[in-house]
Structures are given as structure tokens and as C-alpha cells.
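Descriptive analysis of the structure
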Amino acid sequence: MFEVTNDVSRRTITARMSGFMRPNEMKEYVAVYRKATDSYGGGRHLVLADMRGLRPLEPESANLFSEVITHGRKNGCVMCAHVSDSTIARLQTARVASEASPNDDITVDCVSLEEAQSQLAKARVRLSLNNEGQAAAGR
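Residues numbered from 1 in each chain as written. Predicted model: local features only at pLDDT ≥ 70, side-chain atom pairs only at ≥ 80, totals over all residues. Heavy atoms only, no water.

**Regarding the nonpolar core**
Ranked by internal contacts, the top residues of the largest apolar core, which has 26 residues, are Met17, Met26, Tyr29 and Phe65. In contact with Tyr29, other than residues within four places in its own chain, are Phe2, Val4, Ala15, Met17, Met21, Phe65 and Val68. One finds Leu46, Leu48, Val83 and Leu120 within the second-largest nonpolar core, a separate group that totals ten residues. (Core = buried A, V, L, I, M, F, W, Y, C linked by side-chain atoms within 4.5 Å. Buried < 20%, exposed > 50% of the residue type's maximum accessible area, 1.4 Å probe, protein only. Contact = heavy atoms within 4.5 Å.)

Pasting the structure below:
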């Protein structure tokens with residue numbers, strides 16, 4: 001199961017994944033997530049990756065996931081607040097993210113949605129993303 005929402009005013013994509021993400025479902029996820037990423041036209045944005053309940057990915061799904069993470073990081077993602085309740089899924093996601101950016105300085109592991117929201121709010125202020133979003137809306 002997945003859900004992707006894009007809050008353009010807060011320059012934040014929220015990606016929720018849980019259960020077993022088989023390759024066909026992962027392909028659907030990749031298409032939706034890529035569309036959200038591309039909506040920023042390469043501009044800076046944040047990601048909340050809520051992966052509570054996500055089961056470990058099989059190799060094909062992991063490869064697709066790696067490709068979409070790489071796409072996001074090459075196209076403006078400046079921070080990803082990651083929430084997971086599975087050590088195995090967290091480790092797998094960390095490995096996939098490190099393939100996308102070897103010195104992964106973008107992912108912030110959080111213990112709860114509240115912490116993730118707090119980290120994203122701090123990043124919006126630090127990176128002046130609220131102003132950037134307002135400037136883009138005024139164009």
C-alpha cells in the first residue's frame with residue numbers, strides 16, 4: 001500500500017508505504033512519486049517518508065525504489081525525514097539511499113511522525129523554503 005501527497009505550499013512530498021511493495025505496485029509508486037518530484041522543476045523540496053509497516057523489499061522493488069530516490073535527489077530533494085518501525089526495512093532503506101547519494105547527508109531518521117514534522121519545519125526555516133514557496137506562487 002502506498003500514498004503520495006504533495007503539499008506545494010510547504011514544498012513537501014509525503015510518501016507513505018506499508019506492507020509488501022511488490023514490483024508492480026512499486027512501479028505505480030515510482031510513477032506517482034516521480035510526478036510529485038517533477039512538479040518542483042528541479043527546485044528545492046522536502047520529503048516525509050513514512051514507512052511504518054513496510055516489509056523488506058524484494059530485489060526488483062528495491063532497485064526501482066533506488067532509482068526514484070536517485071531521481072529525487074538529483075531534482076531538488078534537500079532533506080528526507082524518514083520514519084520506520086522495522087529495523088530491517090530501515091536498514092534496507094538506508095542502504096538504498098546510500099546508493100543514491102554515497103555520503104547520505106539528506107536522510108534524517110526520526111522515531112515518530114511528530115519528530116519528522118518538527119525536523120521538516122526546522123529545515124523549512126533554515127533553508128528559507130517557506131519564502132521560496134510563496135515566491136513561486138506569486139509568479
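**Brief notes about unusual backbone geometry**
Backbone geometry places Arg11, a non-glycine residue, at a positive phi of 50°. Note on placement: Arg11 falls in the loop between β1 (2-7) and β2 (12-17). One non-glycine residue, Ser128, lies in positive phi territory at about 55°. Along the chain, Ser128 turns up in the loop between α4 (113-126) and α5 (129-138). (Helix = DSSP H or I, 4+ residues; strand = E, 2+ residues; numbered from the N terminus.)

**A word on the environment of Thr107**
As for its position among the elements, Thr107 is in strand β5 (residues 107-110). Setting aside chain neighbours within four positions, we find Thr107 in contact with Arg73, Cys80, His82 and Ala97. Here Arg73 takes part through its side chain, which lies 2.7 Å from a polar atom of the side chain of Thr107. (Polar contact = N/O pair within 3.5 Å; in protein donor to acceptor, adjacent residues only side chain to side chain.)

**Digging into the confidence of the model for the protein**
For the protein, per-residue confidence averages 90 on the pLDDT scale, and 94% of positions sit at 70 or higher. Note on residues 133-139: pLDDT under 50 across the span, and two contacts to partners over four residues away in sequence or across chains. (pLDDT = per-residue confidence, 0-100.)

**What about the pairing of β1?**
Each regular strand displays side chains that alternate between the two surfaces of the sheet. Of the pairings in the sheet, the one linking β1 to β2 comprises six bridges and is antiparallel in character. Its bridge partner being in β2, Thr5 is matched across the sheet by Thr14. Count of turn residues in the β1/β2 antiparallel hairpin: four residues, of which Arg11 carries a positive phi of about 50°. (Pairing = 2+ DSSP bridges.)

**Some words on the packing of helix α2 (residues 59-74) against helix α3 (residues 87-100)**
Two packed helices can be described by the angle between their axes and the distance between those axes. As a packed pair, α2 and α3 sit with axes 8 Å apart at the nearest point and diverge in direction by 50°. Compared by their axis directions, α2 and α3 come out oblique. Where α2 crosses over α3, the two elements pack in a sense that is right-handed. Mapping the contact onto sequence places Ala62, Phe65, Ser66, Ile69, Thr70 and Arg73 in α2 and Gln92, Thr93, Arg95, Val96, Ala97, Glu99 and Ala100 in α3. (Axes fitted to C-alpha atoms, helices over the stretch in contact; angles between N-to-C directions. Parallel < 35°, antiparallel > 145°, perpendicular 65-115°, else oblique. Left-handed = near helix turned anticlockwise from the far one by under 90°.)

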